[in-house]
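# Summary of the model geometry
The lines below spell out each chain.
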Amino acid sequence: MKKIAFVTGATSGIGEAIARILASDFALIICGRREERLKKLAAELRDQTDVYILTFDVSNSTEVNSAFDSLPSNWKNIQLLVNNAGNAHGRAPIHKGDLSDWDAMIDSNLKGLLYVTRAISPGMVEKKTGDIINIGSIAGKEVYPDGNVYCASKFGVDAATNGMRLDLNPYGIRVVGIHPGLVETEFSMVRFKGDEDKSESVYKGITPLYASDIAETVKFVVDRPPHVTIADITIFPTAQASSTIVNRQS
Ligand code: NDP
Ligand code: 8X3
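Residues numbered from 1 in each chain as written. Chains lettered and ligands numbered in written order. Predicted model: local features only at pLDDT ≥ 70, side-chain atom pairs only at ≥ 80, totals over all residues. Heavy atoms only, no water.

### Description of the packing of aromatic side chains
Short version of the rule: Each pair of aromatic rings taken from Phe, Tyr and Trp, with Trp reduced to its six-membered ring, is defined by centres within 6.5 Å and is described as stacked if the planes are under 30 degrees apart, edge-to-face if over 60, and tilted in the remaining cases. In DSSP terms, a helix is any run of H or I states spanning at least four residues, a strand is any run of E spanning at least two, and both are numbered starting from the N terminus. Three labels apply to residues, based on accessible area from a 1.4 Å probe with only protein chains included: buried if under 20% of the type maximum, exposed if over 50%, partly exposed otherwise in between. When the NZ atom of lysine or the CZ atom of arginine is within 6 Å of a ring's centre and also within 35 degrees of its normal, the charge is said to sit over that ring.
Tallied over the full model, the rule gives three aromatic pairs. With centroids separated by 5.4 Å and ring planes inclined at 50 degrees, the aromatic side chains of Tyr52 and Trp75 adopt a geometry described as tilted. With Tyr52 in strand E3 (residues 51-55) and Trp75 in the loop between helix H3 (61-69) and strand E4 (78-83), this residue pair connects regions lying 23 residues apart in the sequence. Of the residues examined, Trp75 reaches a relative accessible area of 8% and is grouped as buried. Note that Lys76 overlies the ring of Phe68, its terminal NZ or CZ placed 5.8 Å from the centroid.

Right under this line is the structure:
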């Protein structure tokens, strides 16, 4: 079998694109809650590589650990972990925030990433090799109005990424943070709870990033020779200069 990559949030957007681009070089463990989508993706990729499906909610530590434990032993030797699963839920000033939205963001984006890393990193430490790529966000580098808790979750991802790099340094494990700006995926439909107008307005008047742009970045990072760690990348669409400065054409 090829080296094994474990990709969370592979049912859509960035994670699905990452799974597709890695299929040439890796056997894949693809993860998400929507099993039908995982089955469809697996069926497409199986002519290129071995694919194993794990259906679980990253925010539930029991589900994370059972999913990992359920892997056959020959699938537990994971070389690459891509912590991508996550979403924004709502966009509101702090005094009007919805507590269930806050819980969903902190529990999935930050705690979920930690649970998955806690399950998989001991195997990398034991073998003294491995790559961990965490998908953060520009929202984890700069706050923006009404982004408060989503930004906090992604600032947490940035801090956790930098902390992991320190802790795993003695074991030769490469830890990478990739921080995209505006990427057109299902992200805004999830954030705005299916409101198409609000969702489309996020990408209006610009050429946004596409999921494939982030997947190509992941592949570039993974393909560096073993002595090279690309520690931290911020990637914008050219129309974007910061969290809040976006050059929109009308
Ligand atoms: P999508 O909504 O297209 O994909 C989100 C993915 O995350 C889905 O596969 C979803 O799977 C999975 N996911 C979300 N919550 C959970 C959960 N609790 N348990 C398991 N899986 C979960 O959005 P993107 O592809 O854009 O987002 C991927 C990552 O990129 C996220 O971390 C996001 O914050 C980040 N990002 C996105 C940007 C953008 O502009 N789009 C910019 C910067 C960062 P399922 O629902 O099937 O469980
Ligand atoms: C997603 C990018 O700017 O919508 O993380 O927060 S943004």
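There is more to say, and it comes next.
### As for helix H2 (residues 35-45)
Our working rule: By arc we mean the arc of the directions from the helix axis to the C-beta atoms, nothing more. Every residue pair with non-hydrogen atoms within 4.5 Å of one another is taken to be in contact.
Those residues of H2 lying buried are Leu38, Leu41, Ala42 and Leu45. When H2 is viewed along its axis, its buried side chains cluster within an angular range of 100 degrees and face the same direction. Seen from the open side of H2, the exposed residues pointing more than 90 degrees away from its buried face are Glu36, Lys40 and Ala43. Elements that come into contact with the buried residues of H2 comprise helix H1 (13-22), strand E2 (26-32) and E3.

### Thoughts on the pairing of strand E9 (residues 232-235)
Across a regular strand the side chains alternate sides, sitting on one face of the sheet and then on the other. Operational definition: At least two bridges found by DSSP between two strands is the condition for calling them paired.
Here E9 shows a clear split, with Ile233 and Ile235 buried on one side and none of Asp232 and Thr234 buried on the other. When strand E6 (residues 174-180) meets E9, the two strands line up parallel, connected through four bridges. Within the sheet, the bridge partner assigned to Pro180 lies in E9 and is Ile235.

### As for the nonpolar core
Generally speaking, a soluble globular protein has its nonpolar side chains buried in company with each other. Our working rule: Put simply, buried Ala, Val, Leu, Ile, Met, Phe, Trp, Tyr and Cys residues joined by side-chain atoms within 4.5 Å make one nonpolar core.
Ranked by internal contacts, the top residues of the largest apolar core, which has 33 residues, are Ile18, Leu22, Leu28, Ile30, Ile133 and Ile178. With six residues, helix H8 (residues 211-223) is the largest single contributor of residues to this core. Filtering out sequence-adjacent residues up to four positions away, Leu28 remains in contact with Ala5, Ala19, Leu22, Ala23, Leu45, Thr49, Asp50, Val51, Tyr52 and Trp75. One finds Val58, Ile78, Ile120 and Met124 within the second-largest nonpolar core, a separate group that totals 29 residues.

### Some words on the sheet that holds strand E5 (residues 131-135)
Convention followed: Axis definition: a line fit to C-alpha positions, over the contact stretch in the case of helices; interaxial angles, taken between N-to-C directions, run 0 to 180 degrees.
With parallel pairing, seven strands are arranged side by side in an open sheet as E3-E2-E1-E4-E5-E6-E9. At either margin of the open sheet sits one strand with a lone partner, and together these are E3 and E9. Averaged over all adjacent pairs, the angle separating strand axes in this sheet is 15 degrees, with direction ignored. The strands touched by H2 within the sheet are E2 and E3, with E3 carrying the most contacts at an inclination of about 175 degrees. Strands in contact with H8 are E2, E4, E5, E6 and E9; relative to E6, the strand with the most contacts, it is inclined by about 160 degrees.

### Focus: the packing of H1 against H8
In plain terms, the rule: Every angle not falling under 35 degrees, over 145, or within 65 to 115 is termed oblique; those three ranges are roughly parallel, roughly antiparallel and roughly perpendicular. Each crossing gets its hand from how the near helix is turned against the far one by less than a right angle, where anticlockwise is left-handed and clockwise is right-handed. Asp, Glu, Lys and Arg are counted as charged, while Ala, Val, Leu, Ile, Met, Phe, Trp, Tyr, Cys and Pro are counted as nonpolar; the rest, among them Gly, fall into the polar class.
Close contact between H1 and H8 brings their axes to 8 Å; oriented N to C, the two are set at 50 degrees. Considered as vectors, H1 and H8 are oriented oblique to each other. Note on packing geometry: the crossing formed by H1 with H8 is right-handed. In this structure, H1 contributes Gly13, Ile14, Ala17, Ile18 and Ile21 to the contact, and H8 contributes Ala211, Ser212, Ile214, Ala215, Glu216, Val218 and Lys219. Residue composition of the contact of H1 with H8, grouped by class: eight nonpolar, two polar and two charged.

That is the geometry; function is a separate question.
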